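Spelled out from the first residue to the last, the chains are:
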Amino acid sequence: MSTTPGATLTTDIAIIGAGPVGLFGVFAAGMLNMKTVLIDSLEMTGGQVTALYPEKPVFDIPGYPSIEAQQLIFNLEKQGAPFNPVHLLDQ
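Residues numbered from 1 in each chain as written. Predicted model: local features only at pLDDT ≥ 70, side-chain atom pairs only at ≥ 80, totals over all residues. Heavy atoms only, no water.

S.K.: Which parts of the structure should I look at to understand the overall build of the chain?
M.R.: The helix and strand inventory of the chain stands at three helices and five strands. Secondary structure of the chain in N-to-C order comes out as β-α-β-α-β-β-α-β. Against the 2.2 N^0.38 benchmark of 12 Å for 91 residues, the chain shows a C-alpha radius of gyration of 13 Å, consistent with a compact globule. In the chain, which comprises 91 residues, the share counted as buried stands at 33%. Of the roughly 5900 Å² of accessible surface on the chain, a fraction of 60% belongs to carbon and sulfur atoms. (Helix = DSSP H or I, 4+ residues; strand = E, 2+ residues; numbered from the N terminus. Rg over C-alpha atoms; globule rule 2.2 N^0.38 Å. Buried < 20%, exposed > 50% of the residue type's maximum accessible area, 1.4 Å probe, protein only. Areas by Shrake-Rupley, 256 points an atom, 1.4 Å probe, with all protein chains shown as cover.)

This is the structure in structure tokens:
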């Protein structure tokens, strides 16, 4: 979800950076019933993982011996989606 420029936004937490940690932050805040806005200078979520090496295997994620970087981002977005974060991308 994105907002119209100049629109009023009410949120509990502003997360700077839409990479893996920021995306997980959306989930963690949502579990605490907090509204989040996710802000990133890139046009898409995923940070450097998406921008530089989406096909690279990632080996340090609990529960996954190996996961493709882009699949990790997809999973994190899906995990946070029920909490309806506002995305301010390309900002």
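Once the structure has been displayed, the description carries forward.
S.K.: In this structure, what is going on with the pairing of strand β1 (residues 13-16)? I would like to understand it.
M.R.: Across a regular strand the side chains alternate sides, sitting on one face of the sheet and then on the other. Judged from the four bridges that link them, β1 and strand β2 (residues 36-39) form a sheet pairing that is parallel. The residue bridging Ile 13 from the neighbouring strand is Thr 36, located in β2. In this fold, the crossover linking β1 to β2 by way of helix α1 (residues 20-31) has right-handed handedness. (Pairing = 2+ DSSP bridges. Right-handed = clockwise from strand over helix to strand, strands pointing away.)

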